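Here are the chains, one letter per residue:
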Amino acid sequence: MKRSVCNIVFGGIGGQGILKASEICATAALCEGHHVKKSEVHGMAQRGGSVESHVRFGDAVYSPLVGAGLADFLVCFHKDEHQRLRPFLKPGGTDLTDYLEPAARAITHPRHLNTFLVGALSARLGIGEESWTKAMHAVFDAKILEENLKVFRAGRSVEIQ
Amino acid sequence: MRVLLSGNEAVARGAWEAGVAVACAYPGTPSTEILENVALYPEIDAQWSVNEKVAYEVALGAAMGGRRSLFACKHVGLNVAMDPLMTSSYTGISGGFVVVVCDDPQMHSSQNEQDTRWVGIFGKLPVLEPAGPGEAREFVKEAFAISEEYDTPVLLRMTTRVSHTKEDVEISERVEVEPRPFVRDVAKYVMIPKNARGRHVVVEARMARLQALAERMPCNRVEEGCGKLGFVTAGVSYNYVKEAYPEASVLKLGMAYPFCDEKIAEFAGTVEQVVVVEELDPFIEDHLKALGIAVTAKDASFRIGELGTAFVRDIVEGKKKHATPVTARKPLFCAGCPHRFAFVVLKKMRVYVAGDIGCYALASLPPLSSLHTCICMGTGVTLVEGLGLAMRDERVVGVLGDSTFVHSGITGLINAAYNKAKGVVVILDNSITAMTGGQQNPTTGLTIRNEPTKKLDLEKLCQSCGADNVDVIDHSDIAAFEKLVTERLAEDALSVIIARSPCKMIDRRRRPVPAYEQELCKQCGLCLQIDCPALTAIDDGFIAIDGNVCVGCNLCTDVCRFGALKKNEA
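**Side note on the overall build of chain B**
Here comes step 1: Per the secondary structure count, chain B includes 20 helices and 23 strands.
Here comes step 2: Over its C-alpha atoms chain B spans a radius of gyration of 26 Å, differing by no more than 12% from the 25 Å that the globule rule assigns to 570 residues.
Here comes step 3: Taking the principal axes of the C-alpha coordinates as reference, chain B spans close to 80 × 60 × 50 Å.
Here comes step 4: When the 570 residues of chain B are sorted by exposure, 53% land in the buried category.
Here comes step 5: Sequence-distant contacts in chain B: of pairs separated by 6 or more residues, those separated by 24 or more amount to 74%.

**Focus on the overall build of chain A**
Here comes step 1: Per the secondary structure count, chain A includes 6 helices and 5 strands.
Here comes step 2: When the helices and strands of chain A are placed in sequence order, the string is β-α-β-β-β-α-β-α-α-α-α.
Here comes step 3: Over its C-alpha atoms chain A spans a radius of gyration of 15 Å, differing by no more than 12% from the 15 Å that the globule rule assigns to 161 residues.
Here comes step 4: With respect to the principal axes defined by its C-alpha atoms, chain A has extents near 45 × 40 × 35 Å.
Here comes step 5: Burial status across chain A gives 51% buried among its 161 residues.
Here comes step 6: Once local pairs closer than 6 in sequence are excluded, the contacts in chain A between residues at least 24 apart make up 66%.

**Notes on the packing of helix H16 (residues 379–390) of chain B against helix H17 (residues 402–418) of chain B**
Residues and elements named next belong to chain B.
Here comes step 1: Running from amino to carboxyl end, H16 crosses H17 at an angle of 25 degrees, the nearest separation of the two axes being 7 Å. With respect to H17, the element H16 is oriented roughly parallel. Residues Gly380, Val381, Thr382 and Glu385 of H16 pack against Thr404, Gly409, Gly412, Leu413, Asn415 and Ala416 of H17.

**Side note on the sheet that holds strand E1 (residues 5–13) of chain A**
Here comes step 1: With mixed pairing, 7 strands are arranged side by side in an open sheet as E5(A)-E4(A)-E1(A)-E3(A)-E2(A)-E8(B)-E1(B). Both outer strands of the open sheet, strand E5 (89–95) of chain A together with strand E1 (2–6) of chain B, are each paired with one neighbouring strand and no more. For this sheet, the mean angle separating the axes of adjacent strands, direction not counted, is 25 degrees.
Here comes step 2: Of the strands in this sheet, E1, strand E2 (35–40), strand E3 (50–58) and strand E4 (71–76) of chain A together with E1 and strand E8 (165–170) of chain B are in contact with helix H1 (residues 18–31) of chain A, which crosses E3 of chain A at around 5 degrees.

**Digging into the pairing of strand E4 (residues 69–74) of chain B**
Residue and element names in this part refer to chain B.
Here comes step 1: With 6 of 6 residues buried, E4 is to be regarded as a mostly interior element.
Here comes step 2: The two faces of E4 match: Ser69, Phe71 and Cys73 on one face and Leu70, Ala72 and Lys74 on the other face are all buried.
Here comes step 3: Sheet analysis places strand E2 (residues 22–25) next to E4, joined by 4 bridges and oriented parallel. Within E4, the position partnered with Ala23 by the bridge is Leu70.

**Section: the domain arrangement of chain B**
Residue and element names in this part refer to chain B.
Here comes step 1: For chain B, the assigned domains read domain 1 (2–216), domain 2 (220–316), domain 3 (338–500) and domain 4 (515–566).
Here comes step 2: One C-alpha centre belongs to domain 1, the other to domain 2; they are set 25 Å apart.
Here comes step 3: Broken down by secondary-structure element, the contributors of at least two residues to the side of domain 1 that touches domain 2 are helix H6 (118–123), strand E6 (127–128), helix H7 (133–150), strand E7 (154–159), helix H8 (160–163) and helix H10 (193–216).
Here comes step 4: Among the elements that line the side of domain 1 that touches domain 2, the one with the most residues is H10, at 5 residues.
Here comes step 5: Residues belonging to the side of domain 1 that touches domain 2 are distributed by class as follows: 12 nonpolar, 5 polar and 8 charged.

**Describing the nonpolar core**
Here comes step 1: In this structure, Leu117 of chain A together with Ala23, Ala59, Phe71, Val100 and Leu156 of chain B are the most contacted members of the largest nonpolar core, which totals 147 residues.
Here comes step 2: Top contributing element to this core by residue count: H1 of chain A, with 9 residues.
Here comes step 3: When residues of this core are sorted by domain, at least three fall in each of domain 1 (2–216) and domain 2 (220–316) of chain B.
Here comes step 4: Dropping the residues within four chain positions of it, Leu117 of chain A is found in contact with Ala21, Val75, Phe77, Leu96, Tyr99, Ala103 and Gly155 of chain A.
Here comes step 5: Counting residues in each nonpolar core, the second largest holds 70 residues, with Cys359, Val396, Met435 and Cys503 of chain B among its members.

**Observations concerning helix H5 (residues 129–139) of chain A**
Residue and element names in this part refer to chain A.
Here comes step 1: Residues of H5 that are buried: Trp132, Ala135 and Met136. What you see down the axis of H5 is that its buried residues fit within an arc of 100 degrees, all on one side.
Here comes step 2: Packing partners of the buried residues in H5 comprise H1, helix H4 (113–122) and helix H6 (142–157).

**Topic: the interface of chain B and chain A**
Here comes step 1: At the junction of the two partners, chain B supplies 35 residues and chain A supplies 28 residues.
Here comes step 2: The residue inventory of the side of chain B that touches chain A, partitioned by class, reads 14 nonpolar, 13 polar and 8 charged.
Here comes step 3: By the bridge criterion, 3 bridges tie E2 of chain A to E8 of chain B in an arrangement that is antiparallel. The partner of Lys38 of chain A across the bridge, within E8 of chain B, is Lys166 of chain B.

**Some details on the sheet that holds strand E18 (residues 469–473) of chain B**
Residue and element names in this part refer to chain B.
Here comes step 1: Taken in spatial order, the 5 strands line up as E15-E16-E17-E19-E18 in an open sheet, and their pairing is parallel. The outermost strands of the open sheet, each flanked by one partner alone, are strand E15 (352–354) and E18. Between one strand and the next, the sheet's axes are offset by a mean angle of 25 degrees, whatever the strand orientation.
Here comes step 2: With 5 bridges connecting them, strand E16 (residues 396–401) and strand E17 (residues 423–429) associate as parallel partners. Directly across from Val397, in E17, lies its bridge partner Val424.
Here comes step 3: In this fold H17 packs onto E16, E17 and strand E19 (494–500), with an angle of close to 140 degrees to the strand it touches most, E16.

**Things to note about the environment of Ser301 of chain B**
All names here are of chain B.
Here comes step 1: By the element assignment, Ser301 lies in the loop between strand E14 (295–296) and helix H14 (309–316).
Here comes step 2: According to the C-beta neighbour criterion, Ser301 is partly exposed, with 13 such atoms within 10 Å.
Here comes step 3: Spatially, the C-alpha atom of Ser301 lies 28 Å from that of Pro133, the residues being 168 residues apart in sequence.
Here comes step 4: Contact partners of Ser301, with chain neighbours within four places excluded, come to Lys320 and Lys321.

**Points about the confidence of the model for chain B**
Here comes step 1: Of the residues in chain B, 99% have a pLDDT of 70 or more, and the chain-wide mean is 96.
Here comes step 2: Listed scores for the predicted complex are pTM 0.96 and ipTM 0.94.

Criteria and thresholds
Residues numbered from 1 in each chain as written. Chains lettered and ligands numbered in written order. Predicted model: local features only at pLDDT ≥ 70, side-chain atom pairs only at ≥ 80, totals over all residues. Helix = DSSP H or I, 4+ residues; strand = E, 2+ residues; numbered from the N terminus. Rg over C-alpha atoms; globule rule 2.2 N^0.38 Å. Buried ≥ 20, exposed ≤ 12 C-beta atoms within 10 Å, placed from the backbone. Contact = placed C-beta atoms within 7 Å. Axes fitted to C-alpha atoms, helices over the stretch in contact; angles between N-to-C directions. Parallel < 35°, antiparallel > 145°, perpendicular 65-115°, else oblique. Pairing = 2+ DSSP bridges. Domains from an automatic or database assignment. Nonpolar A, V, L, I, M, F, W, Y, C, P; charged D, E, K, R; others polar. Core = buried A, V, L, I, M, F, W, Y, C linked by C-beta atoms within 7 Å. Arc of directions from axis to C-beta. pLDDT = per-residue confidence, 0-100.

Quick look at the structure:
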């Protein structure tokens, strides 16, 4: 059986909104009609420690975790965590760590970093814009939805030289 | 409809769909979100109980009274509830009763790695084990049906990777269940020896019937493959097997206990090599060996920690687990956390600190390094008494949280008073159950649904327990706190100090970031010893304050001896 599964690892430190970012991504994949798994750990790790969340989607997904050297995308939220997370990336996989600098320039508050990076990721996944919009509506409260949609679009259109 | 649900959300959803009327728990990672999500359904009477024993008994009572009820806990929480669990196996229930236990392989947020499947054998209870959220929802409904048909509590065993994985799950609507008629049945519910002897016969007969059921359970499923390799697996490990060997034959055990011996033997006869893949203890492995089946099973090194897809091939090839170095960033107290104030003082005093379960256990890590034990709920009181009996000259201070004290500290305090023990116990009252993400408890005066309720008066309670002194202090005044602890330690008395300052998850106020004058800084590094996430060392031992992280708690200004860090009143 040939399976095509997209593997994404999100990682950074507690409080950066990593779980929210992976929630948007997993919800968008669901809206697109994929089988989705998303895995993370709660509790002690969130007290300023390392946080990572794995998202896998495709026709049939079994393991909730992305193995070493198998991630198609790495979305790193903190440069200090990059060395730890890089081994997840497969040869030829896409490392979005380069987006941290343009993100820092584009956003007005660190709490928007997650939405910006998901925007940048969204342009590279085969998930339609409508599904992303649905996911944003599902994940964010009405009162902060508009500002996050704006940040998402900024991330989605950002170009790296 | 398909929605994205975590394993814990799926348990809550499945329970709601199954018509559950009552659900009880005490928070504990990775199980906490089960009751948080149950509480979102108004049809269910949901509660945070004082501890797991109480939660189990309240839920059991509801089941005996004829309503479908659910109890949820983490693996070590079940230890607290083992007393009622063992005998409820004898009494049975009336309305369905499901006991959800979330194990934590890898100890992401736990003090041990115990494997709950053994409780099936020990307690003579059926155990179902889902591999993901979709099955969690199905299995919880199946568990209620088994519970009522076989008159038994049913265990649903989850693990962190099942509880905290989300997947798309098919959901349906709630089906109300009529309460079962309540019957006064003394022989069934009064477990004096005469009656219990009769019930033990019932339990053994039930186990035989459950074993026959296991042979028929669709969740004990054979997936035919090439016939060379045949995996026997359960829970999250099933997923790793399917990833690593998609062509292999698989016997997936959805019912972990009792075993379907005939189905297992039949499966073993159809493949060349039987391989058992399971996390933690050799539960399936030992059983298959006892059946006389030749199996390939994991090396003992794999009993420690989680499995993953990459490990499955190593298990098949008989290799040992190659430990991957852990380089993850260490967790630490939040910026402005009141616990930091307490441990800066206790470290300075060089006392031995008997700790407990909660965020404050992080104080054991350097550079704070000022908490010296963490075993189970309540030891912040009882170990003070025990250590005091052994070491008359050591200054010992007990430390535990408000929720932890109510969970298991009260009996220890009564014991200390009754047995004439002396010593100092500090209740770090941050007015929340913090470690698990901020749940209400009897000291907060709010229920699981944030409705006002009777608020427990800790001061009066400690006095009633027999403490000679009960002081209440806001320990963000570290000088006053140090003075008080020093005085109480010097006395020949049993003292409780309630150090009251709210968790930063509740108190979100931010005060101005302190001023830092680099010219006055002597690069001594004392401020870095408080382990604040807002303070970082820069070149030559000077420091930088991250204004986005700092909440203006000013602890760094208290510890700076040279006036380089100053409170900013602006």
